[in-house]
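# Reading the structure
Given next are the chains, with one letter for each unit.
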Amino acid sequence: MSEGDQTAKRKDPESIYRNVIHEKFKPSIDRNLCIKCKRCVKECSFGALEWDDDGIRYKGNCVACQRCVATCPVKAIDIVHLPTQYPPHASYTERVRQAITAQATSGGVLLSSCGTDMPYGMIFDDLILDSAQVTNPSIDPLREEVETRTYVGRRTGKITLSSDGYITGSEATSPIVAMDMPLMIGHISLGAVSYNTQLALLQAAKNLHILAGSGEGGLHSDFFPFAENVIGEVASGRFGVTADYLQRTAAVEIKIGQGAKPGVGGHLPGEKVTELISSSRRIPLGTDALSPYPHHDIYSIEDLQQLIAALKESTEHRVPVGVKIAAVHNVGAIASGVVRAGADFITLDGFRGGTGSSPRVIRDHAGLPIEVATAVVDKRLTAEGLRNRITLIAGGSIRSSADMIKVIALGADVASVCTSALIAMGCQVCQSCHRGVCAWGITTQRPDLVSRLDPAIGAARVTRLYTAWNEELKEVLGAMGIDAVESLVGNRDRLRYFGPNPKIAEVMGVKHVGEGWG
Amino acid sequence: MALNSEVRKAIAEGSKRIIIDGVMGQRYIGSAAKAKDLYVAIKGTPGNDLGAFLDGPTIEVFGNAQDMTGNTMSSGRIVVHGNAWDVTGLSLRGGRILVRGSSGFRVGIHMKEFGKERPAIVIGGTTGDYLGEYMAGGNILVLGEGVPEGESPVGSFIGTGIHGGSIYVRGKVEKHQLGMGASISDLGAEDVKLLDELITDFENAFNVKVERDWSKFTKIKPLSSRPFTGRFDSTAIWN
Ligand code: SF4
Ligand code: SF4
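Residues numbered from 1 in each chain as written. Chains lettered and ligands numbered in written order. Predicted model: local features only at pLDDT ≥ 70, side-chain atom pairs only at ≥ 80, totals over all residues. Heavy atoms only, no water.

## What to know about the overall build of chain A
Counting its secondary structure elements, chain A contains 17 helices and 23 strands. What you see for chain A is a C-alpha radius of gyration of 25 Å, in line with the 24 Å of a compact globule of 518 residues. With the principal axes as the frame, chain A shows a C-alpha extent of 100 × 55 × 40 Å. Going through the 518 residues of chain A one by one, you find that 56% of them count as buried. Nonlocal contacts in chain A, meaning residues at least 24 apart in sequence, comprise 69% of its contacts between residues at least 6 apart. Counting every atom, chain A has about 21700 Å² of accessible surface; 53% of that belongs to carbon and sulfur. In chain A, 54 positive and 56 negative side-chain charges are present, and the distance between their average locations comes to 4 Å. (Helix = DSSP H or I, 4+ residues; strand = E, 2+ residues; numbered from the N terminus. Rg over C-alpha atoms; globule rule 2.2 N^0.38 Å. Buried < 20%, exposed > 50% of the residue type's maximum accessible area, 1.4 Å probe, protein only. Contact = heavy atoms within 4.5 Å. Areas by Shrake-Rupley, 256 points an atom, 1.4 Å probe, with all protein chains shown as cover. Lys, Arg positive; Asp, Glu negative; His and termini not counted. Charge placed at Lys NZ, Arg CZ, Asp CG, Glu CD.)

Right, here's the structure in full:
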């Protein structure tokens, strides 16, 4: 130990406790390959690397975001998982002990971001899709049209019949919005993410003819040209919620809850409230942007009904008004109340849903998996004769086209995605968004980092990703012998459960593998 | 709602003065109306969410208003000659709400300000609990008219989570009435100037006189614009 270290130790007698919070990752630099260009030092926004006279030195705090790996011109860097071991213990895991150590040091509420990384297991991975054989022929989507067009809004309409019983016309009697695929980009606010990121997401939504959520930060005036692809969120902080905003967007959504933090408000730290964010949220520079835990005008279903009606009045009944709720234990009854309160669509957010910042204790321990929530809500609304009134949007850990297909079969009309769009733009799910220094320029407001994401490239990548998912959806629909995605909605008979807990299958209304039709 | 479509039609046709007589609890009147020079007079009792999302017009109520008057209003003016019940001026972002009588619980929750946009609420009588909770900007003034000496015109949990703006109360406010993050401070010259302007506006709106004894006013302001700094721990923890 050097003399410097010893002095530091005397000055900070608690450092020995903190030091047992292990470094989990470390960049390993091949000194033979390294050309000493120092690029990695610049790229690492977490301050993990520095230039020492004779080379690159690792200072600590690597979050394995892969930025240095991806930008090193000679591929000299690997991120290695450190071998340091805690004495093994199955209940006092490393995670548990690290959390205790951190809080004994800070006395603070632990924060994290992204969806929970707890190893709960994905029910999606325990569900298997059906395919058509002999008795119901499959369809070749390359030769035949497989319809993926999807509508968001209240499902009411009028059909006119001729005197001899033929349909002569049909029209929707409530506002609906059409999308080219049963997928939307979820709510990610300007503030949580950078200007370039939101621009890329909105451009992708436009390219794909789908909707994207505004998040709770309002809509920056530069993004008005995308308004017809935007669901404008009305969250408890009411940031950016103006008459103009409401009347411009394609749909309006009241955010009651978020899957990653059900029941918890929002907290955008003052560091992220830059000039851009302060002007779009209409709050002073550098103050915390706080969203109250509940909406203080909604303490009941009756109050919710009132805000829904106020929004419909304010938009002259021209756009669908929906409600986003976090999936919680009583979600079936809550959803039923929300429909009765007049919502035109419901967005369900499962407990693995992403977040730019959430208390760990909530992110990791509260809520309901989206698979179960979707099935339960679909069943409940169907039983009460309400399901056909609304569009059901489900999100929170839809990772692939397979998840999208499964959530639709479980009962959703639309799958909502966020994390996959960010991964398409470089995100490595390092769970550090709340620190505001995302090395990929996504969840940050620091100008030098924001400029790392080229919005045009980002938009193109997101567009390609979901175009591919929609093609895969067509493949699967064809294989099932279904020619329109609408016929898959809530079609749980095309799923089988192949997991460890048949009770889950029973709750979802899904048969076990091996059980046939009927 | 039929009433609202009539109002909207009149606005669309360019009416600048609309008088609605015999109002009996109709909700959402004037919601999201935007014409700056529009004046709407309401005789009777409008229902909840009067002037929600209002952005410019003036609404004057000759009677009592109910809950959520001026909900998430951006600019404009709402003048109530009677009382306005709970949640007046929720998330007010700009403009002004003047109430001649009293208001209920949760007044001015999460008001905010930006640049020159400084919303204000003036209540002539009293308010209930949770006044100015989560307040992020703007000004609330409670005049406490008719409240006996020694009694407080406001309730408990004043300014819980407040991180911007100020609340002024004429009359007694005790420390135990304050919520987390709020503190009592002295009036400065700036405050007196602001109060004088707000009171003058109130006097003109209702044709009344309000005594200006500044020693009777209490100012409540945030302890910090970042009330939760230090509350969180960002340590990276992995499986
Ligand atoms: S850039 Fe990312 S992966 Fe590389 S050292 Fe920094 S934190 Fe670790
Ligand atoms: S957005 Fe950035 S900080 Fe957040 S998880 Fe992805 S790479 Fe990490």
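## A look at the pattern of salt bridges
For side chains bearing opposite charge, pairing can occur when the charged atoms are close. Here the structure, examined in full by the defined rule, presents 55 salt bridges over all chains. Taking the shortest distance from any N to any O, the salt bridge between Arg143(A) and Asp140(A) comes out at 3.6 Å. Residue Arg143(A) is classed as exposed on the basis of its relative accessible area of 66%. Judged by relative accessible area, Asp140(A) falls into the partly exposed class, the value being 29%. Residues Arg8(B) and Glu313(A) are paired through a salt bridge, measuring 3.2 Å at the closest nitrogen-oxygen approach. Remark: Glu313(A) occurs in helix α9 (residues 301-314) and Arg8(B) occurs in helix α1 (residues 2-12); the pair is interchain, linking two chains. (Salt bridge = Lys/Arg side-chain N within 4 Å of Asp/Glu carboxyl O.)

## Things to note about the site of ligand 1
Contacts to ligand 1 come from 13 residues, most closely from Cys44(A), Cys62(A), Cys65(A), Gln66(A) and Cys68(A). Its residues placed into classes, the shell around ligand 1 shows eleven nonpolar, one polar and one charged. (Near = heavy atom within 4 Å. Nonpolar A, V, L, I, M, F, W, Y, C, P; charged D, E, K, R; others polar.)

## As for the interface of chain B and chain A
Taken together, the 45 residues of chain B in the interface contact 62 residues of chain A. Here chain B meets chain A over a buried area of about 4700 Å², counting both sides, of which 56% is carbon and sulfur. If you sort the residues of chain B by the area they bury against chain A, Ile237(B), Trp238(B) and Asn239(B) come out on top, with a joint share of 18%. Here chain B and chain A share five salt bridges between them. On inspection of chain B and its partner chain A, the count reaches 26 residue pairs in polar contact (both at pLDDT 80 or more). The set of elements that each furnish at least two residues to the side of chain B that touches chain A consists of α1 and β11 (232-233) of chain B. Considered class by class, the residues forming the side of chain B that touches chain A number 17 nonpolar, 14 polar and 14 charged. (Buried area = accessible area lost by both parts, 1.4 Å probe. Polar contact = N/O pair within 3.5 Å; in protein donor to acceptor, adjacent residues only side chain to side chain.)

## Focus on the sheet that holds strand β6 (residues 127-129) of chain A
Residues and elements named next belong to chain A. A sheet is described by the order of its strands in space; here three strands give the open sequence β6-β22-β23, paired in mixed fashion. The sheet is open, and its two borders are formed by β6 and β23 (511-512), each paired with just one other strand. Bridge count for strand β22 (residues 495-497) against β23 is two bridges, and the pairing is parallel. Pairing of Arg496 across the sheet is with Lys511, part of β23. Running at roughly 95 degrees to β6, helix α13 (residues 401-410) makes contact with β6 and β22 of the sheet. (Pairing = 2+ DSSP bridges. Axes fitted to C-alpha atoms, helices over the stretch in contact; angles between N-to-C directions.)

## Some points on the domain arrangement of chain A
Residues and elements named next belong to chain A. Segmentation of chain A into domains returns domain 1 (14-106) and domain 2 (150-512). Centre-to-centre, using C-alpha coordinates, domain 1 lies 35 Å away from domain 2. In this complex, domain 1 contributes ten residues to the contact, which on the side of domain 2 involves 14 residues. Both faces combined, the contact of domain 1 with domain 2 buries some 1000 Å², and carbon together with sulfur accounts for 55% of it. Here domain 1 and domain 2 share two salt bridges between them. We note a salt bridge from Arg452 to Glu43, for which the minimum N-O separation is 3.5 Å. (Domains from an automatic or database assignment.)

## Concerning empty space enclosed by the protein
Residues and elements named next belong to chain A. Going through the model one piece at a time under the given rule, you end up with six cavities of 30 Å³ or more. In this model, the largest cavity occupies a volume close to 100 Å³. Lining of the largest cavity is provided by 15 residues; of these, Ser236, Lys255, Ile256, Val264 and Gly265 occupy positions nearest its centre. Among the residues making up the lining of the largest cavity, the classes are represented as five nonpolar, seven polar and three charged. (1 Å grid on protein atoms, 1.4 Å probe; cavity = no way out; pocket = protein on both sides within 12 Å on 5 of 7 lines; lining within 4 Å. Points joined across faces, edges and corners; volume = space filled by probe spheres on them.)

## Some thoughts on the side chain of Glu43(A)
Residues and elements named next belong to chain A. With respect to the secondary-structure elements, Glu43 resides in helix α3 (residues 39-43). Given the relative accessible area of 7%, Glu43 is considered buried. With sequence-adjacent residues up to four places away left out, Glu43 is seen in contact with Arg67, Thr71, Ala439 and Arg452.

## Overview of the sheet that holds strand β9 (residues 182-185) of chain B
Residue and element names in this part refer to chain B. A sheet is described by the order of its strands in space; here ten strands give the open sequence β1-β2-β3-β4-β5-β6-β7-β8-β10-β9, paired in mixed fashion. Only two strands of the sheet have a single partner each, and these edge strands are β1 (17-24) and β9. Looking at each pair of strands side by side, their axes are set apart by 15 degrees on average, direction ignored. Relative to strand β3 (residues 55-62), strand β2 (residues 39-45) runs parallel, the two sharing five bridges. Bridge pairing in β3 places Tyr39 opposite Thr58.

## So, the packing of aromatic side chains
According to the stated counting rule, one finds eight aromatic pairs over all chains in the structure shown. For the ring pair Tyr195(A) and Phe223(A), a centre distance of 5.0 Å and an interplane angle of 40 degrees mean the geometry is tilted. Placement of the pair is Tyr195(A) in helix α6 (residues 195-208) and Phe223(A) in the loop between β12 (212-213) and β13 (230-234), with a sequence separation of 28 residues. Of the residues examined, Tyr195(A) reaches a relative accessible area of 21% and is grouped as partly exposed. The class for Phe223(A) is buried, based on a relative accessible area of 0%. Look at Trp214(B) and Phe217(B): their rings are 5.2 Å apart centre to centre, the planes differ by 50 degrees, and that puts the pair in the tilted class. (Phe/Tyr/Trp six-rings, centres within 6.5 Å; stacked < 30°, edge-to-face > 60°.)

## A short note on α6(A)
Residue and element names in this part refer to chain A. Here α6 is 14 residues long and its end C-alpha atoms lie 20 Å apart, about the 20 Å a rise of 1.5 Å per residue gives. Turning to α6, its buried residues number three or more, namely Asn196, Thr197, Gln198, Ala200, Leu201, Leu202, Ala204, Ala205 and Leu208. Immediately beyond the C-terminal end of α6, within one or two residues, lies His209, with a positive phi of roughly 55 degrees. (Expected span 1.5 Å × (residues − 1).)

## Some details on the packing of α9(A) against helix α10 (residues 331-340) of chain A
Residues and elements named next belong to chain A. At a minimum axis separation of 9 Å, α9 and α10 run at an interaxial angle of 40 degrees. Between α9 and α10, the interaxial angle falls into the category oblique. With respect to the hand of their crossing, α9 and α10 are arranged in right-handed fashion. In this structure, α9 uses Ile301, Leu304 and Ile308 to contact α10, whose residues at the interface are Ile334, Gly337 and Val338. Looking at the contact of α9 with α10, its residues break down into five nonpolar, one polar and no charged. (Parallel < 35°, antiparallel > 145°, perpendicular 65-115°, else oblique. Left-handed = near helix turned anticlockwise from the far one by under 90°.)

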